[in-house]
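Chain by chain, the residues:
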Amino acid sequence: MVLSPVIGKLLHKRVVLASASPRRREILSQAGLRFEVVPSRFKEKLDKAAFATPYAYAIETAKQKALEVASRMHQKDLRAPDVVIGADTIVTIGGLILEKPADKQDAYRMLSRLNGKEHSVFTGVAIIHCCSEDGQLDTDVCEFHEETTVKFSELSEDLLWEYIDSGEPMDKAGGYGIQALGGMLVEYVRGDFLNVVGFPLNHFCKKLVELYCPPHREDVQRVKHDSIPAVDTFEIASEAAQGDEGCGPSRAGVHGHTGQAPAGPQGPDTNGLVENPPPFPSDLLDLIDGFKASKALFTACKLKVFDVLKEEGPLKAVDVARKLNASVCGTGRLLDVCVALGLLEKTDTGYGNTQLASRHLASEGACSLHGFVAYNDEHAWTVFTDLESAVRQGPRAAAGRPAEDPSQSRDQRLRFMRAMHGLTQLTARQVATAFDLSRFASACDLGGCTGALARELAREYPRLKVTVFDLPEVIEHVSSFHPEGRQPERLRFVPGDFFKDDLPDAQLYILSRILHDWADDRVHELLSRVSRSCKPGGGLLVVETALDERRAARASLPAALNALVRAQGRERSLAEYRSLLGQHGFRDVQVAQAGDRLDVVLGTRASSAP
Ligand SMILES: Cc1cn([C@H]2C[C@H](O)[C@@H](COP(=O)(O)OP(=O)(O)OP(=O)(O)O)O2)c(=O)[nH]c1=O
């Protein structure tokens with residue numbers, strides 16, 4: 001069966017994961033699903049002997065977990081979520097079902113049983129579609145299971161006990177976690193790895209395709225007979241209906257509840273043929289709503305929601321509202337939107353940050369993008385409202401690079417520096433290691449701002465001395481970005497203007513995210529200054545998001561629009577950067593990628609002048 005993008009179909013639904021398992025949460029959120037977490041209170045005590053197969057037991061347990069959550073939520077609010085997902089993972093060996101060990105001895109018994117042998121891991125999954133009508137809860141259940149075979153090596157007693165003493169086995173079926181230390185015990189795996197970790201993502205997506213993606217017109221084989229009216233044969237639909245623990249019959253009900261177009265054919269057209277409705281334009285609706293999602297994220301950052309929850313979460317909406325000095329109703333809605341966007345998690349104890357939010361959206365921390373978010377909220381948001389006139393009239397010549405705009409206030413400059421600092425810290429390592437730069441003893445980062453890239457270079461190359469060269473009004477604020485005090489000995493900051501002042505001596509010059517801010521004449525002026533300062537054999541490293549077909553269009557398009565609305569600069573292709581370096585006396589030009597958004601171009605200064 002062909003897998004198609006399907007997670008987005010759940011975007012406009014309220015989805016609840018009825019599980020306390022952090023692994024399930026991680027697998028589903030990494031797949032892009034937006035959901036709330038409400039752990040089930042169903043006691044896993046079904047009579048195993050009553051089930052014909054181990055997986056029938058796992059499926060029933062998964063279903064009961066999900067139904068318990070659906071009915072509890074329905075009772076509480078008289079409104080159940082749209083979809084509740086439940087899962088149960090078991091390990092089976094020799095007809096025995098192993099769940100989570102009760103204590104260390106139990107874990108030892110389980111692991112000894114698995115020692116040196118193959119066993120099966122089953123996960124049963126239930127996807128429950130809910131509908132609350134007239135105070136009644138109506139549910140449609142789709143269920144399936146996945147099996148994976150795992151073989152343990154021959155393990156010594158010492159190893160088993162060392163593993164048990166690590167504490168890892170206690171909350172895991174069969175007493176091991178294949179994704180962590182338990183991976184050491186495993187000789188091979190046959191089947192879906194994520195199924196062992198607690199959630200069979202691939203099978204789940206296929207089920208969603210069955211539920212939400214009716215076959216397209218092209219998939220429909222029209223069979224016409226002279227005397228019999230034309231009929232449609234849905235090959236994919238019949239394939240789906242033949243699937244294991246059957247979603248087929250409940251499908252119509254599912255779409256009925258969720259307001260989606262029915263999966264099956266609609267009424268006959270004038271020729272007696274049966275027409276499919278056009279595909280529901282979910283992606284388009286997401287695109288239309290996209291600006292609201294950005295603004296919700298910006299607002300939550302500005303209000304420091306993620307800082308409050310990082311320090312004190314989980315918290316109820318009322319407590320967050322009190323801490324933010326904001327309305328309870330407004331805060332509650334913003335928090336729910338953040339849950340739907342995958343930035344927060346909601347459990348019985350309240351709202352908490354996802355790992356993503358704690359890492360990138362709280363204002364402190366090495367990976368914080370808080371400054372970049374603030375810059376987009378306060379600056380980019382405003383200038384982008386001018387997109388229409390920029391498109392009509394072409395790029396505005398007015399604004400230069402923000403840090404170099406003399407009319408810029410101190411606050412604006414600091415905001416820009418914070419944005420650049422966060423973004424550069426995020427990518428500095430990838431840039432520093434895109435090429436082996438160990439042949440250089442000194443480097444000068446022109447327009448190097450807070451020194452985030454320079455510090456990474458100094459860390460990566462122990463003999464490299466790095467100079468950061470930037471405007472005096474930038475350098476004056478650098479210390480506030482390094483609260484720990486002293487800069488590394490091999491790092492220095494020199495104030496100056498790379499268009500006017502002598503460039504510091506260095507074997508390697510770096511222009512990171514600089515050239516796109518300038519029009520062609522200024523780029524040539526700058527490169528010829530660099531070329532004059534650079535000695536033969538020295539290098540020039542250019543870091544940019546190049547316009548290039550190799551990269552997914554999405555990553556480079558916002559940059560192209562940036563140039564249109566705010567600056568006199570422009571984005572260039574890799575071929576243009578190569579050619580620019582060549583025109584200014586740099587040879588052996590090589591290109592590498594730093595992550596999925598940045599390109600790094602390295603050229604070596606030839607001995608003859610260009
Ligand atoms: C075999 C194996 C299991 N597990 C985990 C997955 C599940 O979280 C757990 C099996 O217990 P489950 O009862 O399936 O799930 P749970 O108790 O963690 O969460 P809930 O009941 O609220 O949904 O074992 C691993 O993380 N790694 C492994 O290698």
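Just so it is clear, the structure is predicted and the values come from calculations on it, not from any experiment.

About the thresholds
Residues numbered from 1 in each chain as written. Predicted model: local features only at pLDDT ≥ 70, side-chain atom pairs only at ≥ 80, totals over all residues. Heavy atoms only, no water. Helix = DSSP H or I, 4+ residues; strand = E, 2+ residues; numbered from the N terminus. Core = buried A, V, L, I, M, F, W, Y, C linked by side-chain atoms within 4.5 Å. Buried < 20%, exposed > 50% of the residue type's maximum accessible area, 1.4 Å probe, protein only. Contact = heavy atoms within 4.5 Å. Phe/Tyr/Trp six-rings, centres within 6.5 Å; stacked < 30°, edge-to-face > 60°. Lys NZ or Arg CZ within 6 Å of the ring centre and 35° of its normal. Lys, Arg positive; Asp, Glu negative; His and termini not counted. Salt bridge = Lys/Arg side-chain N within 4 Å of Asp/Glu carboxyl O.

Visitor: Before we go on, may I ask you to explain unusual backbone geometry in this structure?
Guide: Omega for the bond connecting G313 with P314 falls within 30 degrees of zero, at 0 degrees, which places this linkage in the cis form. You can see P314 is positioned in the loop between α10 (305–312) and α11 (317–324). Of note in the backbone geometry, N325 takes a positive phi value of approximately 60 degrees without being a glycine. Secondary-structure assignment places N325 in the loop between α11 and α12 (328–340).

Visitor: Before we go on, may I ask you to explain the nonpolar core in this structure?
Guide: For soluble globular proteins, the rule of thumb is that nonpolar side chains tend to be buried together. Counting 48 residues, the largest nonpolar core has I85, I127, F152, Y176 and F204 as the members making the most contacts within it. Sort the elements by how many residues they give to this core and helix α6 (residues 201–212) lands first, with seven residues. Residue contacts for I85: discarding those within four places in its chain leaves V15, V16, L17, A18, L33, A66, V125, A126, F199 and F204.

Visitor: What should I look at first to understand the packing of aromatic side chains in this one?
Guide: Applying the stated criterion across every chain yields a total of nine aromatic pairs. With 4.9 Å between their ring centres and 10 degrees between their planes, Y108 and W161 make a pair best called stacked. You can see Y108 sitting in helix α3 (residues 104–114) and its partner W161 sitting in helix α4 (residues 157–165), a full 53 residues away along the chain. Residue W161 is classed as partly exposed on the basis of its relative accessible area, which comes to 26%. Taken together, F498, F499 and W518 form an aromatic cluster joined through their ring pairs. Between K295 and the ring centre of W381, over which it is positioned, the NZ or CZ distance is 4.7 Å.

Visitor: Looking at this model, I keep getting lost on the side chain of R529. Mind explaining?
Guide: Secondary-structure assignment places R529 in helix α19 (residues 520–533). Buried within the structure, R529 lacks any salt-bridge partner; D502 is the closest side chain of opposite charge, at an N-O distance of 5.1 Å. Residue contacts for R529: discarding those within four places in its chain leaves D497, F498, F499, K500, D501 and L503.

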